[in-house]
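Below, each chain spelled out in residue letters.
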Amino acid sequence: MAPVANEPWWSEPEAALAARLGSGPPGLSQAEAQRRRAIAAGEALPAAGRAAPWARLLARQFASPLVLILVFAALVSLALRDWVEASIILAIVAMSALLGFAQEYRASRAVAALQRRIALTVRVRRDGELRTEPAGALVPGDVVVLAAGNLVPADGRILEARDFLVSEAALTGESFPVEKRPGAVAPDAPVAARTNCAFLGTSVRSGTASLLVVRTGAGTVFGDAAARVAASAPETAFAQGVRRFGYLLLRVMLAMVVFVMAVNQWLGRPPLDSLLFALALAVGMSPELLPAILSVTLSHGARLMARHGVLVRRLEAIEDLGAMQVLCTDKTGTLTEGEARLEAALDPQGGESAEVARLAFLNAALETGIENPLDAALVAAGREAGFDTAPWRKVDEIPYDFLRKRLTIVVARVDAPHECLLVTKGAFDTVLAACDSVESAQGPVPLDAAAREALGARYRALGESGLRVLAIARRVVEPRERYVREDERGMALAGLLCFADPPRPDAPRTLDALAGLGVAVKVITGDNRHVAGHLARALGLDPGAMLTGAQIAAMRDEALWRLAPATRLFVEVDPQQKERIVRALRHGGLAVGYLGDGINDAPALHAADVGISVDGAVDVARESADVILTARDLEVLRSGVEEGRRTFANTLKYIKITTSANFGNMVSMALATPLLPFLPLAAKQILLNNFLSDLPAMAIATDRVDEAELARAQAWDVAGVRRFMVVFGLLSTVFDLAAFVVLLRVFDAGEAVFQTAWFAISLTTELAVVFVLRTRGPALASRPGALLAALSAAVALLACAVPWLGGPAQAFGFVPLPAGLAAASLAIVLAYVAATEAVKRLAGPRA
């Protein structure tokens, strides 16, 4: 295979290019493709389903500013030959890093496994046969077959094309689809003018084509832009919340460190002890395991959601799914069974017609465009009736598109090849527009105004009875090699096709359940108002809260902003209007989810706060979505919403509880510093306290969440986190100061006894308060997760036992406590827990 990377391959004759690539119309052999893949492995773009390299994850644990602060503190201790202090600090750094690495690596592998389940696949010719392969397995020389809805998986030359329209907006900015066809263009033609090529990252809007792959991965036009796109990806709401939270902590830490350093210097304390104490305070104030906790909690949520049939393509989308207030969806397969069946094939006069069923069977069985349940129903009904395509030869096809809303097959009888028949099937209005006559028992009759009115009345009546209706027409034409859209004229209406797709039996219950979660379902459908209204009445929705596509087209944006939130049914909607509806709902401040699986759903999926698609959706819809459902079922989605809220609630638990406890402890030490003749805790004791208190936090992901938390949408509220931190942190400070008074005035504790007692008090209060603040209701009425309870109990026992552990206790400066002091410490912990429960109830929902 000769290289083509630096040559104008778009201007080369197709046969010469294929020969240079060692390929041709049958494609490559599987063995040759695998050999080329091994050679080109380094050129691939980052692939979904690939776990992050362990070395990078491990290095990231040491790249945190908090870890670097600790390493700096250890280096200072080493420079001053304080070997014990330096060893303890480095040991805690290593344990924290390894704990974070273990959790993130496990989370990374779990998420990669989920993403492999939804990786993009393509139809490629190998060994002369059409087979399905992962898009990442393509190599130069492969021949790919593309159809409407596919994403183009590589850069290549068009070998064959039939009404092949490609959207190149992601690459060139051109909003209208561009027709692609075989041929050659000038060597200096820019990307937008290479009409004989298709490029990675673009999507097929209509038609079919075969593509000779020339470039893959990083060698594509899109590959050059991939890094820039990734670097400039918009920040999600979840990431914004984490960033604002980080700024809040940074401001508090800086103020506290400067204050403590200044006070210690003013008191004339040793500079090293003062520096290490200030640095330990800064680290103790922050939840340094937050990245690991976020990864663990989100990946745990993603695994649980996958068990319910909800696959997450972007972990942050879990928060977006939980925050959803409005779900926009089509009715087919979500509110209805999704198993369309042919109820009747009627002639224009309303009678059953086997000929109409036969024409519909030919059209559906021979078309090669988008797979859909209506064609599947027609083929199934035709097979059952004994119809066969064998007497017919397919001559040509005019593919479906969303402007014409119809599809035409051109066939000829095997025994009469000199006469061709156009068979057109599609939406009632657009097929009728291509007709000038109506078939009848006496032969074709003109399609005059009276006939149109009679047909329209029958169409409306069928729709009001819940049937979806398509029209079918035909025309005899002279044989020729190629037929175009303009040939769809002067046709005779052959009849009507009536499909039943009844409501799902569980749909009303699921709608009620979503409403109980604060999620309003809005139906956006291209179906007519009569069918949609019939379904709405069956499901208990208000059919009067309806807007049609024509009404939306006539509205200014301001009017749609006002009407959209109160509308339940958007009917007869053009694909281009879906995105406008989603943006109108978002303009009103609503968090919007959009469920779609079609070619024209991609803009609406992008516009929504969370895009949702299904496993069998077209490529462009699946790749545009944040969440993939393994089944098109609102009950599955309801479970995903609950799990998203559970995951986000547990993430906020860790952040709120840990920061309030750390804030309280650090304020206590900062205030006590100028009042005590010694430091309230040594730097190594602060770091050990912080490390041990974070161990149970790893189990937060498995904790139970109150039903009340699941019943409402949630979102980041940095002001609420700050308020929570201040209220409960200062409450902790009040009890810390009370503990200082008891230790100094009642027990006359020296430095070692004071630090040991307060280490035990601060750690056990932080562990105990988790069980109070993890729920908004009474603590005793909400059962915690078993793992969280077990780890908390184990760490609490360790905190109480550590003064009696000999060598380790001596290394950290701990000493055994008198029985009376231990009892007083326990009383302080219990009083603090009771006071926290009381303040929580007084603060109410604002807590």
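Further remarks concern the overall build of the protein. Along the protein, the regular secondary structure elements total 30 helices and 23 strands. When the 847 residues of the protein are sorted by exposure, 55% land in the buried category. Here the contacts in the protein between residues at least 6 apart in sequence split such that 73% fall between residues at least 24 apart. If you sum the accessible surface of the protein, you get close to 35,000 Å²; carbon and sulfur atoms cover 60% of it.

Overall, the coordinates contain 41 salt bridges when judged by the stated rule. As a salt-bridge pair, Glu32 and Arg35 come within 2.7 Å of each other at their nearest N and O atoms. Taken as a pair, Glu32 and Arg35 lie in helix α2 (residues 30–39) at a separation of three residues, close to a single helical turn. Under the relative-accessibility criterion, Glu32 is labelled partly exposed at 21%. Judged by its relative accessible area of 42%, Arg35 falls in the partly exposed class. Residue Arg406 is joined to Glu488 by a salt bridge in which the shortest nitrogen-to-oxygen separation is 2.8 Å. Pair noted here: Arg406 is in strand β12 (residues 406–413) and Glu488 is in the loop between β16 (468–477) and β17 (491–500), with a separation of 82 residues, a long-range link. One continuous salt-bridge network, built from bridges that share partners, spans Arg126, Asp127, Arg131, Glu133 and Asp142.

What follows concerns the packing of helix α23 (residues 634–672) against helix α24 (residues 683–694). In contact at an axis separation of 12 Å, α23 and α24 are set at 160° when each is read in the N-to-C sense. It follows that α23 is roughly antiparallel to α24 by the angle criterion. For the element pair α23 and α24, the recorded crossing hand is right-handed. Mapping the contact onto sequence places Tyr654, Thr658, Asn662, Met666 and Met669 in α23 and Ile686, Asn690 and Asp694 in α24. Of the residues belonging to the contact of α23 with α24, the class tally is four nonpolar, three polar and one charged.

Here the focus is helix α12 (residues 354–366). In a regular helix each residue adds 1.5 Å, so 13 residues correspond to 18 Å; α12 covers 18 Å between its end C-alpha atoms and thus fits that length. Looking at α12, one finds that the buried residues are Val356, Ala357, Leu359, Ala360, Phe361, Leu362, Asn363, Ala364 and Leu366. Two or three places before Glu355, at the opening of α12, Ser353 has a side-chain oxygen 3.4 Å from that residue's backbone nitrogen.

Moving on to the sheet that holds strand β20 (residues 569–571). Ordered in space as β8-β23-β22-β21-β9-β18-β20-β19, the eight strands form an open sheet in which the pairing is mixed. Each end of this open sheet is capped by a strand with a single partner; those strands are β8 (310–312) and β19 (546–548). Pairs of neighbouring strands in the sheet enclose a mean axial angle of 20°, with direction left out of account. Bridge count for strand β18 (residues 520–524) against β20 is two bridges, and the pairing is parallel. By the bridge assignment, Val523 is partnered in β20 with Leu569. Contacting β19 and β20, helix α17 (residues 529–539) crosses the sheet at an angle of about 160° to β20.

With the rule as written, the count across this model stands at nine cavities of 30 Å³ or more. Lining the largest cavity we find 14 residues, and of these Ile657, Thr658, Ser693, Ala697 and Val770 sit closest to its centre. Those elements giving two or more residues to the lining of the largest cavity turn out to be α23, α24, α27 (751–773) and α28 (786–801). Take the lining of the largest cavity: its biggest share by element is four residues, from α23. Per-class residue counts for the lining of the largest cavity are eight nonpolar, three polar and three charged.

In this structure, Lys405 takes a positive phi of about 55° despite not being glycine. Looking at the element boundaries, Lys405 is found in the loop between β11 (392–398) and β12. Classification of Lys405 as partly exposed rests on a relative accessible area of 25%. With a phi close to 50°, Glu572 is a non-glycine residue in the positive phi region. Within the secondary structure, Glu572 is located in the loop between β20 and α20 (575–587). Since its relative accessible area comes to 27%, Glu572 is described here as partly exposed.

Attention now moves to the packing of aromatic side chains. Taken as a whole and judged by the stated rule, the model has 10 aromatic pairs. With centroids separated by 5.4 Å and ring planes inclined at 65°, the aromatic side chains of Phe678 and Phe754 adopt a geometry described as edge-to-face. Note that Phe678 is positioned in the loop between α23 and α24 and Phe754 in helix α27, a separation of 76 residues in sequence. Measuring from ring centre to ring centre gives 4.6 Å for Phe759 and Phe814, while their planes differ by 40°; the resulting arrangement is tilted. With a gap of 55 residues between them, Phe759 in helix α27 and Phe814 in the loop between α29 (807–812) and α30 (819–843) connect regions that are remote in the sequence. The exposure class of Phe759 is buried, given its relative accessible area of 1%. For Phe814, a relative accessible area of 5% puts it in the buried group. Lying across the ring of Trp10, Arg194 places its NZ or CZ 3.5 Å from the centre. In this structure, Arg413 packs its charged tip against the face of Trp392, placed 5.0 Å from the ring centre.

What counts as what
- Residues numbered from 1 in each chain as written.
- Predicted model: local features only at pLDDT ≥ 70, side-chain atom pairs only at ≥ 80, totals over all residues.
- Heavy atoms only, no water.
- Helix = DSSP H or I, 4+ residues; strand = E, 2+ residues; numbered from the N terminus.
- Buried < 20%, exposed > 50% of the residue type's maximum accessible area, 1.4 Å probe, protein only.
- Contact = heavy atoms within 4.5 Å.
- Areas by Shrake-Rupley, 256 points an atom, 1.4 Å probe, with all protein chains shown as cover.
- Salt bridge = Lys/Arg side-chain N within 4 Å of Asp/Glu carboxyl O.
- Axes fitted to C-alpha atoms, helices over the stretch in contact; angles between N-to-C directions.
- Parallel < 35°, antiparallel > 145°, perpendicular 65-115°, else oblique.
- Left-handed = near helix turned anticlockwise from the far one by under 90°.
- Nonpolar A, V, L, I, M, F, W, Y, C, P; charged D, E, K, R; others polar.
- Expected span 1.5 Å × (residues − 1).
- Polar contact = N/O pair within 3.5 Å; in protein donor to acceptor, adjacent residues only side chain to side chain.
- Pairing = 2+ DSSP bridges.
- 1 Å grid on protein atoms, 1.4 Å probe; cavity = no way out; pocket = protein on both sides within 12 Å on 5 of 7 lines; lining within 4 Å.
- Points joined across faces, edges and corners; volume = space filled by probe spheres on them.
- Phe/Tyr/Trp six-rings, centres within 6.5 Å; stacked < 30°, edge-to-face > 60°.
- Lys NZ or Arg CZ within 6 Å of the ring centre and 35° of its normal.

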